[in-house]
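# Examination of the molecular architecture
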Amino acid sequence: MVSIAGCFAVAEGIVRYLASIPLLCPTEILMTEFDLSSVTYRAASTEDVDSLAAFIEPFVAEGRLLPRTTRELHELLPNGFLAELAGQIVGFAALEIYSSKLAEIRSLAVTLSLQGKGVGRELVARCVQRAEEESVLEVMAITSTDEFFRNCGFDFTLPGERKALFIQTRGT
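What comes next concerns the included structure.

Each value, and the rule that gives it
Residues numbered from 1 in each chain as written. Predicted model: local features only at pLDDT ≥ 70, side-chain atom pairs only at ≥ 80, totals over all residues. Heavy atoms only, no water. Core = buried A, V, L, I, M, F, W, Y, C linked by side-chain atoms within 4.5 Å. Buried < 20%, exposed > 50% of the residue type's maximum accessible area, 1.4 Å probe, protein only. Helix = DSSP H or I, 4+ residues; strand = E, 2+ residues; numbered from the N terminus. Contact = heavy atoms within 4.5 Å. Salt bridge = Lys/Arg side-chain N within 4 Å of Asp/Glu carboxyl O. Pairing = 2+ DSSP bridges. Axes fitted to C-alpha atoms, helices over the stretch in contact; angles between N-to-C directions.

## What about the nonpolar core?
Core analysis: the biggest nonpolar cluster contains 19 residues, and I105, V119 and L123 have the highest contact counts within it. Taken together, the elements giving at least two residues each to this core come down to β2 (80–85), β3 (88–97), β4 (102–110) and α4 (119–133). If one sorts the elements of this core by residue count, α4 sits on top with five residues. In this structure L123 touches Y41, F81, L82, A83, G91, F92, A93, L108, A109 and V110, once residues within four positions along its chain are discounted.

## Some thoughts on the pattern of salt bridges
This model, assessed by the stated rule, comprises eight salt bridges. For R42, the salt bridge is made with D48, and the minimal N-O distance between the two is 2.7 Å. Overall, R42 belongs to the partly exposed group, its relative accessible area being 29%. Ionic pairing is found between R71 and E75, a salt bridge with its closest N-O pair at 3.1 Å.

## Side note on the sheet that holds strand β5 (residues 138–141)
Pairing is mixed across the open sheet formed by five strands, whose spatial order is β1-β2-β3-β4-β5. Of all strands in the sheet, those with a lone pairing partner are β1 (40–43) and β5, marking the two edges. Strand-to-strand twist of the sheet, defined as the mean angle between neighbouring strand axes without regard to direction, takes the value 25 degrees. Across six bridges, the pairing between β3 and β4 is antiparallel.

## Let's talk about the environment of S144
With respect to the secondary-structure elements, S144 resides in the loop between β5 and α5 (146–151). The class for S144 is exposed, based on a relative accessible area of 73%. Separated by 80 residues in sequence, S144 and R64 place their C-alpha atoms 8.3 Å apart.

In structure tokens form, the structure reads like this:
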């Protein structure tokens, strides 16, 4: 008969072993202990397009992000930011600048195991900082997770009680 303590010891060994195996899918980062200082942030570059496309694909499949062509990803890169852990992309966000008055946070995605740990907030902060550097007046986010963006300082109303209204021009 195996004791409960023995089962826990075996489970801990398995977790340690699994954590040592190189990961095949960047959206499934396996962590037993997490240190936020291990996550690094940097500007995206053209060399990131293929790995970025692979990173966002599961989010697209789940309907959480719109599909992006390679051309669209290239267009997002100049104002795109990556979060990386152990050399793998674990988060991405880009600022699309429409004019000196308006920009939009685009394609925000964070690996499930890192959601709620500040990675998305840091990516959004970097996008907002880029907007400030470019003297963009307002930054918007179109999202299904409005609470996250409200916690990042976004609000539903614009100055002077203006509101953004949309019409969909493609079939649903």
